[in-house]
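Now for the letters of each chain:
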Amino acid sequence: MKGVLNMLTILGFCMILTFLVLVITKRLSVVVAFIFTAIAFGLIGGFASEMGDMMVAGILKVTPTAVMIVFAILYFGLMIDVGLFEPMIAKILSFVKGDPLKVVMATAIITILVGLDGDGSSTFMITVSAMLPLYIKLGMNRLVLACVVGLAAGVMNMIPWGGPLVRAAASLQVEVSELFIPLIPVMVCGLLWTLFSAYVLGKKERERLGVGSLETNMQPGMGEQAAAVETAPQGTSRLFWFNWFLTILLMVLLVMEVLPIQILFASAFAIALFVNFPNPKEQQERILSHANSFVMICTLIFAAGIFTGVFTETKMMDSMAASIVTVIPEWLGAHLPLVVALTSIPMGFIFSPDAYYFGILPIISETASNFGIAPVEIGRAALLGHSTAGFPLSPLVPATFILIGLVGVDFGDHQKFLFKWAFGTTIIMTIAAITFGVITL
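Residues numbered from 1 in each chain as written. Predicted model: local features only at pLDDT ≥ 70, side-chain atom pairs only at ≥ 80, totals over all residues. Heavy atoms only, no water.

**Q** Looking at this structure, how should I read helix α23 (residues 411-435)?
**A** An α-helical segment advances 3.6 residues per turn. Residues three or four places apart therefore align on the same side. Helix length check: α23 (25 residues) gives 35 Å between terminal C-alpha atoms against 36 Å at 1.5 Å per residue, within 8%. Approximately 45 degrees is the largest bend angle found in α23, and it occurs at F419. For α23, the N-terminal cap is D410; the gap from its side-chain oxygen to the backbone nitrogen of D413 is 3.1 Å. Following α23 by one or two positions, G437 has its phi on the positive side, about 75 degrees. (Helix = DSSP H or I, 4+ residues; strand = E, 2+ residues; numbered from the N terminus. Expected span 1.5 Å × (residues − 1). Bend = angle between axes of the 7 residues up to and from the residue. Polar contact = N/O pair within 3.5 Å; in protein donor to acceptor, adjacent residues only side chain to side chain.)

**Q** What should I look at first to understand unusual backbone geometry in this one?
**A** When glycine is set aside, most residues are seen to have a negative phi, and most peptide bonds are trans. Unlike most non-glycine residues, Q173 shows phi in positive territory, near 55 degrees. A positive phi angle, close to 70 degrees, is found at K315, a residue other than glycine.

**Q** What exactly am I supposed to notice about the side chain of T111 here?
**A** Residue placement: T111 occurs in helix α5 (residues 100-114). Of note is the side chain of T111, whose polar atom sits 2.7 Å from the backbone oxygen of T107. Among residues more than four places away in sequence, those in contact with T111 are T123, T127, V149, A152 and A153. (Contact = heavy atoms within 4.5 Å.)

**Q** Could you clarify how one ought to interpret the pattern of salt bridges in this entry?
**A** Pairing between side chains becomes possible if they bear opposite charge and their charged atoms approach one another. All chains considered together, the criterion is met by 5 salt bridges. Linking K61 and E313 is a salt bridge whose minimum nitrogen-to-oxygen distance equals 3.7 Å. One end of the pair, K61, is in helix α3 (residues 51-81); the other, E313, is in helix α15 (residues 291-313), with 252 residues separating them in the sequence. Overall, K61 belongs to the partly exposed group, its relative accessible area being 43%. A salt bridge links R286 to D81; the nearest nitrogen and oxygen atoms lie 2.6 Å apart. Placement of R286 in helix α14 (residues 280-289) and of D81 in helix α3 is noted, with a sequence separation of 205 residues between them. When its relative accessible area of 10% is taken as the criterion, R286 is described as buried. Residue class for D81 comes out buried when judged on its relative accessible area of 8%. (Salt bridge = Lys/Arg side-chain N within 4 Å of Asp/Glu carboxyl O. Buried < 20%, exposed > 50% of the residue type's maximum accessible area, 1.4 Å probe, protein only.)

**Q** Hey, could you run me through the packing of helix α19 (residues 353-369) against helix α20 (residues 375-387) in this one?
**A** Helices that pack against each other are described as a pair by the angle of their axes relative to one another and the distance between those axes. Where α19 meets α20, the closest approach of the two axes is 9 Å, and the angle between their N-to-C directions is 140 degrees. Our pair here, α19 against α20, has a crossing hand that is right-handed. Across the interface between the two elements, P353, Y356, Y357, L361, I364, S365 and A368 of α19 pack against P375, I378, G379, A382, L383, H386 and S387 of α20. In terms of residue class, the contact of α19 with α20 is made up of 10 nonpolar, 4 polar and no charged. (Axes fitted to C-alpha atoms, helices over the stretch in contact; angles between N-to-C directions. Left-handed = near helix turned anticlockwise from the far one by under 90°. Nonpolar A, V, L, I, M, F, W, Y, C, P; charged D, E, K, R; others polar.)

**Q** What exactly am I supposed to notice about the environment of L43 here?
**A** By the secondary structure assignment, L43 is in helix α2 (residues 30-44). Apart from the residues within four sequence positions on either side, L43 is in contact with A48 and M51.

**Q** Just checking my understanding: could you explain a nonpolar patch on the surface for this structure?
**A** Judged by side-chain polarity, I248, V252, M256, V258, L259 and I263 come together as a nonpolar surface patch covering roughly 540 Å² of accessible area. Element by element, the count of residues in the nonpolar patch is highest for helix α12 (residues 240-256), at 3 residues. On the secondary structure map, V258 appears in the loop between α12 and α13 (261-276). The exposure class of V258 is partly exposed, given its relative accessible area of 47%. (Patch = residues over 30% accessible without salt bridge, like charges linked within 9 Å, V, L, I, M, F, W, Y side chains within 5 Å. Areas by Shrake-Rupley, 256 points an atom, 1.4 Å probe, with all protein chains shown as cover.)

As structure tokens, then:
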């Protein structure tokens, strides 16, 4: 048995290393790397006859996550199509006038609102398009814009239909709600820190520039956001309050866990689509308009299921974790969630999100289980740093370059300016997570 375990350990490390090399060097796309690596090492390990069942088992475990992703993206995509957030954003923009402090605070609030769609790239494009003219007009520091947008988007990156939490749930094969629901008060603390950071940065800009006049009419039709809304068929304005009520009700039911999260989003989307677009042809058009958003991420999730199915069912992961446990001191093993939270930022500079969540995190989780730590704790700990602070800082996240490209700042300058504020997010959220019992110390 010992010889078999040793063989599985070596095979498991080789499997993970092969996947990481293929992804980091961009030899293959992540989806292809998942499937090819799973097939290759399943065959090498002598599991040819069982490999199909292993892959199916892995797919079945991630299916609820994929279903949730589809309906969450469709729901919030529809809400943006019908202009649910437009009046609020228009009010915010008209309120800021020429006050740099208000401009920076508005930047944070708008990013939080737009970030509900779960797509970091579109959040950057919409928010920067709306706010950059104000920064230019007032002569404000563009690094502040990139910093605040990055901070707010980083915290919003933790929502269940965003990339990191989905990856963590799929790789650890746990329910999305188990990861997300306990993190809600922690996210609130992160958002409060974001608003505090925005206030401090905005106050510095106000002291530097004073309060100027802004002779421009910032209407909801300005920038990318309005362009997207104007080109999409919109529901009638009388449905505005219905859509707000439905969205708030959805959030309340989600927190209360009245039904599984997948069913809540599916039901809310069906109701919203029928009420806003009664015509079946328009309903189909709305679904197809957001297909690209969920097809890619769901393909990734199912490919990850194939990979993790082989990785776990062959007992490679168990064998690797058993080997790692022997070299971790007992005193450190009990504090692995804290270690994961604080090291997930530098990990973001070394590993892409896919490499980290699917290649590194399962091994850490399995190792932690030997110290009595549940996988969900490790998943939550990883999200506290890699998702929130690593996301807007990492050179391995393409959306980061969309942000700095739109704002027009140097990547190195952006990293230096943002790092202390982003690391502060992780510290605040880690303290909150420990305080609320979301992770154990």
